[in-house]
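Fold and geometry: a report
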Amino acid sequence: MSMRAQPALPALAKVLTGIRGFDEITRGGLPAGRTTLVLGGPGCGKTVFSLQTLANGVRDANETAIFVAFEESAERILSNAASFGWNLGALTPDQLFFFDARLSPETVTVGEFDLVGMLAILEAKVREIGAQRIVFDGIDVLLALLDNAAAERREMYRIRDWLNHMGLTGIVTQKVSGNESDRRFGFLQFTADCVVLLMHQVLDGSAFRNLRVMKYRGSGFAADEFPITLTSAGLQLTNRGPTELAYDVSDERVSTGVARLDHMLRGGYYRGSNVLISGAPGTAKSTLAGLFAEQSCARGERTMYVSFDEGAKQIVRNLRSVAVHLAPYVESGLLRMFSTRTRGPNIEDQFSDLRAIVREHNPSCLVVDPLSALSTKLSHVASADAAQQFLDFLKGRGITVVNTSLLDGVNTDEVTATGISTIADTWIHMSYVVQDGERNRALTIVKSRGTGHSNQVRELILADDGVTLTDVFVAQGKVLMGVARWQWEKDSAAAKQGADEALERRRLQLRLAQAEATARLEVIRSEMAARSAEIALLARSKGSASDLDATDIATLHGLRFGDDDDVAETAPDSPVSEQPHGQGT
Amino acid sequence: MATQPAERPVVKLRLYVAGNGPNSVLARANIALFCDVENEQTCDLEIVDLLEFPQRALADGVIVTPTLLRLSPLPARRIVGNLSDRDKVLLMLRAV
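Below, the structure is looked at part by part. (Residues numbered from 1 in each chain as written. Chains lettered and ligands numbered in written order. Predicted model: local features only at pLDDT ≥ 70, side-chain atom pairs only at ≥ 80, totals over all residues.)

A count of helical and extended segments in chain B gives three helices and four strands. In chain B, the succession of α and β elements from N to C terminus is β-α-β-α-β-β-α. When the 96 residues of chain B are sorted by exposure, 30% land in the buried category. Within chain B, residue pairs in contact and separated by at least 24 positions form 67% of the contacts whose partners lie at least 6 positions apart. (Helix = DSSP H or I, 4+ residues; strand = E, 2+ residues; numbered from the N terminus. Buried ≥ 20, exposed ≤ 12 C-beta atoms within 10 Å, placed from the backbone. Contact = placed C-beta atoms within 7 Å.)

Right, dumping it as structure tokens:
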């Protein structure tokens, strides 16, 4: 942004005016060694613009300059400029020379005259002090005495040629108060290398000053109208903000006051960020802002609540109905409520007052409710600039700001037009969803810089015991909220219950079948055991018979005293000897 | 007036011109005519070329050229322009 860093193009050298914003839109200031025409009606700041440029040149660039005053005395100009803190009184005539070019009232004009003499005097002075810049302020006053358009034109050309010849960076101011003047001095606009128009307009009772660069030979420039203000530092363009956006950034999160919203934002708002809550009337924007303020106070942080259009007590009462209690914090002094009307004498003054209160209370969290009240009543561009400047100021102080903005419907064009959306780090949009004969509040996060965030719509529910967010359901391509959501939840709960019951029935059936199988298994196992026992018994029986065969037959034989051949013959009488024949084989 | 020329006060004049620019040449000629009419004895005229003596012009508060100053009799008078309207110049310089 800073033009100081860029090397001047050899084709067109420029000199900085030191007027905040002007050097930016002209990409470096006024054309060096050339003539700039400053046009404007009375009270537009032509003299201030010119004098400021000279004073800055003397102070910042160690230049010397001459101010040729055709309209006012040097003393008068100096005393008028005293409020700007340029400290002109400290400058010597060798640094800034005032040439009083007013003709005394007793002067009588007889015939034509010219400026050859004046330029000769000035030339001597330029050489004497080595001046680089010169201003001709209100030359039309003198030229009007010529009462001859051709002569006036001739003298203007004379000045321009003289400036070129001298290599001076010149500013010529010219009153423009109507078509007549435009015709009379219109040619100037063609001969000058740079033309700056200062305007003064009144909108809805508030005064606005604007500046527009009409022409700049050999250079690009921003051709828009820019609002200007007269501050203690002099004239400045208001919408440029700080030329460098170098805020301290924090990773710390600040609770939104709604747990689920914190979750949607992955932990809350960033500390020091700008939050915009937009939405139609009654979508609980103030409630969300109030929750943020309450949460901030609960953490023990100094907090400020700026409301336009609604009184502080009314806000406190209304928020109490949704269990947001601000009153204790107001009493303890932790929370500063500030209510004001948007229709003031001047929007700049209003923000100036706000700044003073912010400095005094020094809050770390701040609510502006609603910021859009400013833009709806006043000129959009001017108020948005003022608002932006105010927000920049807050951001510079590291204050976390929640702004509400009134929007009808979901038309986001308006908020974009006010320019507020572009400086908001987090933008939450509240809307109504009308469905099945009811109106429900829906919350969406439009954007949130530097943090992941939920893309889902949530339903905001205000209840006596507080504020909650609930999921919304999408069924058959429709978002369900309110009663429809309740119905859906009930139906799905019933369906789930039915399913659970069916499952349980099935489980029981299976358990029964399992039990049956187990029982059957038990029977079989018993049978198995019985058979096994039987087999064992049989085996034992057979074993005893065999033993008799092998060991006792001989004994028996011995007992009977029979022949060895008769052993087999005698066996059939024994029941033991019969068994191998009947079963044992 | 012609019968009592000696009693007429001396008119002290200083004319600032810028070189030989058209208006300066005209002013010189016109003031010379005025002094002729008035009588040279009563007309003390000094012509200053501003291009040579800018500091003098600055001291006298001269802004444009030509500028004619009537230094005396008082009150001082100041006329700017090429003095093309001689009747008006006469009126201005004679008036007391």
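Looking now at the interface of chain A and chain B. Counting residues at the interface gives 19 residues for chain A, matched by 27 residues for chain B. For the side of chain A that touches chain B, the secondary-structure elements that each account for two or more residues are β6 (108–109) and α4 (116–129) of chain A. Class assignment of the residues belonging to the side of chain A that touches chain B gives a composition of eleven nonpolar, five polar and three charged. In the sheet, β6(A) pairs with strand β4 (residues 77–80) of chain B via two bridges, with the strands oriented parallel. (Nonpolar A, V, L, I, M, F, W, Y, C, P; charged D, E, K, R; others polar. Pairing = 2+ DSSP bridges.)

Pairing between sheet strands relies on hydrogen bonds along the backbone, with the strands arranged either parallel or antiparallel. Spatially, β6(A)-β4(B)-β3(B)-β1(B)-β2(B) is the arrangement adopted by the five strands of the open sheet, whose pairing is mixed. This sheet does not close on itself; its edge strands, each paired only once, are β6 of chain A together with β2 (43–49) of chain B. Across four bridges, the pairing between strand β3 (residues 67–72) of chain B and β4(B) is antiparallel. Across the sheet, the residue bridging to B:R70 is B:R77, located in β4(B).

Once that is clear, we can look at unusual backbone geometry. One can expect most non-glycine residues to show negative phi and most peptide bonds to be in trans. Cis geometry marks the peptide bond from B:S72 to B:P73; its omega dihedral reads 0°. Relative to the helices and strands, B:P73 resides in the loop between β3 and β4. The peptide bond linking B:L74 to B:P75 adopts the cis configuration, its omega dihedral lying at 0°. Take B:P75: it is sitting in the loop between β3 and β4. Residues other than glycine seldom take positive phi values, yet A:N62 does so here, at roughly 55°. By C-beta crowding, A:N62 is classed as exposed, having 9 other C-beta atoms within 10 Å. Even without being glycine, A:A284 reaches a positive phi, approximately 75°. Topologically, A:A284 is positioned in the loop between β15 (274–279) and α9 (285–298).

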